[in-house]
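Structural characterization, general
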Amino acid sequence: MSTGDSTRIDGAREAFVIAVVNQKGGVGKSTTAVNLAATLGDEGRRVLLIDLDPQGNATSGYGLDKNQREECIYNALLGDVPLEQLIEPVEVEHVFVVPSTIQLAGAEIELVSSFSREAKLKHVLMPVRGDFDFVIIDCPPSLGLLTINALTAADGVLIPVQCEYYALEGLSKLLESVRLVKTHLNPDLEVFGVLMTMFDGRTRLSQQVVDEVRDFFEEKVFDTLIPRGVRLSEAPSFGLPVTLYDPSGRGSDAYRKLAKEVIGRV
């Protein structure tokens, strides 16, 4: 599918590529990828969301049926199909999705013997980077070969961190992976931002975790706090970003603020 010939919003030559990464599950990774893409689109930015998680949550989060498609990002990584043929428009203007299916689960094994296996995504993304302002990659909850591909292709890493006990547990391993990719594969890679998710202002714990994470990551932590909320949790089951499911809710407001912060940092 062609993404059209419209002029880039910011005049830049290439999209800024953000990998949304945390090897812990349930931290709001896919929720952030889906809703950040939507709010950046609402800001007039052209956004490509790549679902690199075999679970396909970002795919279904935009109402795309991951069980009824023959081709997905897996086919691009293995060289069967050009990435541009996999790009699909969604309900949010300026936003496009490259879907995932369970096929992708086999890619970790199939890519092991491939030449330049860590850079497959970077190479297939190159022809379309000029068509977008942002590319957002939703990564699986692991630090395997798919996530390494995302880090190799990315300009920046966005790390969602849940406001709960042991929030920082495991992050040292993630940061070590980022350091190794930066050293050996992608010298331009940086931690772009840390996002606090599932914040509950009624509890002292949530604020303590935010303070702890800010002590550790300092200015890398976004000012925006993503609240814990029923509507935000419900939206994916309706195949909608929260900005369409609950436009005036706290979750929508938070992701709109995050989009403005992201644009400001870029």
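The structure under discussion appears in the preceding block.
Not measured: the values here are computed from a predicted model.

Turning to the nonpolar core, a few remarks are in order. One finds Leu48, Ile50, Ile73, Leu121, Leu125, Ile137 and Leu151 to be the most contacted residues of the largest nonpolar core, which totals 55 residues. Here this core takes six residues from helix 6 (residues 145-153), the largest share from any one element. For isoleucine 50, the contacting residues outside a window of four places in its chain are Ile73, Val98, Leu121, Leu125, Val135, Ile136, Ile137 and Asp138. If you look at the next biggest cluster of nonpolar residues, it comprises 35 residues, including Val20, Ala38, Leu40 and Val262.

Turning to the side chain of asparagine 186, a few remarks are in order. Looking at the element boundaries, asparagine 186 is found in the loop between helix 7 (171-184) and strand 7 (190-199). At 2.9 Å, the side chain of asparagine 186 forms a polar contact with the backbone oxygen of leucine 151. Ignoring sequence-local partners within four residues, the contact set of asparagine 186 consists of Leu151, Thr152, Ala153, Ala154 and Val181.

Turning our attention to the layout of surface pockets. Of the pockets and cavities examined, the largest pocket occupies roughly 280 Å³. What lines the largest pocket is a set of 22 residues, and nearest its centre among them are Gly28, Lys29, Ser30, Thr31 and Asn57. Residue assignment for the lining of the largest pocket shows that the elements contributing at least two residues are helix 1 (29-42) and helix 2 (57-60). In terms of residue class, the lining of the largest pocket is made up of nine nonpolar, 10 polar and three charged. In this model, the second largest pocket occupies a volume close to 190 Å³. Looking at the lining of the second largest pocket, the elements with two or more residues in it are strand 7, strand 8 (221-227) and helix 9 (230-234). The element contributing the most residues to the lining of the second largest pocket is helix 9, with three residues. Here the lining of the second largest pocket is built from residues that sort into seven nonpolar, five polar and one charged.

Each value, and the rule that gives it
Counting from 1, residues in each chain are numbered in the order their sequence is written. With pLDDT at 70 or above as the cut-off, local features in this predicted model cover only qualifying residues; side-chain atom pairs require 80 or more to be listed or tallied, and sums for whole chains, interfaces and linings still use all residues. Heavy atoms throughout the structure, all of them, feed into the side-chain values; hydrogens and water do not. Put simply, buried Ala, Val, Leu, Ile, Met, Phe, Trp, Tyr and Cys residues joined by side-chain atoms within 4.5 Å make one nonpolar core. Here the term buried applies to any residue with accessible area under 20% of the maximum for its type, exposed to any over 50%, and partly exposed to those in between, with areas from a 1.4 Å probe on protein chains only. Elements are defined by DSSP. Helices are runs of H or I of four residues or more, strands are runs of E of two residues or more, and each kind is numbered from the N terminus. Contact criterion: two residues are considered in contact whenever any of their non-hydrogen atoms come within 4.5 Å of each other. Any pair of nitrogen or oxygen atoms within 3.5 Å is treated as a polar contact; in protein, a donor-acceptor pairing is required on top of that, and neighbouring residues in sequence qualify only through side-chain atoms on both sides. With a 1 Å grid laid over protein atoms only, a set of points is called a cavity when a 1.4 Å probe fits there but cannot get out and a pocket when it is open yet has protein on both sides within 12 Å along at least five of seven lines; lining residues have an atom within 4 Å of a point. Grid points are joined across faces, edges and corners, and a volume is the space filled by probe spheres set on the points. Charged residues are taken to be Asp, Glu, Lys and Arg, nonpolar residues to be Ala, Val, Leu, Ile, Met, Phe, Trp, Tyr, Cys and Pro, and polar residues to be all remaining types, Gly included.

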